[in-house]
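# Geometric and topological summary
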Amino acid sequence: MNWDNQLSSILSVADGSVAKMRERLTSPGKFAKGGEEEVRRLRERVREGDESRRGQSPGAERRMEQWRREVGRELSSLRGHFTRATSLGNLEESFSSKLHREELEHLRREVDQLKTRLRRQEEDVFLQQAETRETRRQYEHSCKTLEELTDSYRTHSTDLAKTVSQYSRTQEEVRQMRYARERVHVCACLG
């Protein structure tokens, strides 16, 4: 392979590498990993070109020197882009990490609030159960008292009925005794 063909090959590979690096600059995450690899490859190509051009024509040497300056400028530009992209990537990662921390903190607060609400609800349920037990106890006590009062009423009602019946019999006996006495008195007067 002659020097012109080799130079053209190196230039086209370098242009392709520069184009790839520019494309990767639009996405900092990809560039940070691939950028260093591309810069290393370009340096190797330049070194290969230096080694193979020794003893070649002065025109080719001038073109190679010009190309080296252009590649050097591109490399400097790409290093600047790489540094900015890395900084942006770090900033983005830091911001993302901060968002994750804030989101985690927010979720922790929500979980704490839910735990507090759950604890209060459990306490409310416990109190309601205690109140329900107390209400049931009072209801059962009231039912028992009402049953006792009903039994007492029935007993008093029966006693009252007996008393009324006894009173009626007593009145009847008193009437009969008066009637008998009056008859005895009337008979005594006539006789």
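Anyway, here's the lowdown on the structure attached to this text. Everything numeric here is computed off the predicted structure, so don't read it as measured data.

## So, the pattern of salt bridges
All told, the structure shown has four salt bridges when counted by the stated rule. Between R108 and E105 there is a salt bridge whose closest N-O contact spans 3.5 Å. Separated by three residues within a single helix, R108 and E105 lie in helix α3 (residues 58–190), roughly one turn from each other. Residue R108 is classed as partly exposed on the basis of its relative accessible area of 47%. For E105, a relative accessible area of 35% translates into the label partly exposed. In this structure, E172 engages R175 in a salt bridge whose closest nitrogen and oxygen atoms are separated by 2.4 Å. Remark: R175 and E172 occur in helix α3; sequence separation between them is three residues, near one turn of the helix. A relative accessible area of 48% means that R175 is categorised as partly exposed.

Scoring rules and cut-offs
- Residues numbered from 1 in each chain as written.
- Predicted model: local features only at pLDDT ≥ 70, side-chain atom pairs only at ≥ 80, totals over all residues.
- Heavy atoms only, no water.
- Salt bridge = Lys/Arg side-chain N within 4 Å of Asp/Glu carboxyl O.
- Helix = DSSP H or I, 4+ residues; strand = E, 2+ residues; numbered from the N terminus.
- Buried < 20%, exposed > 50% of the residue type's maximum accessible area, 1.4 Å probe, protein only.

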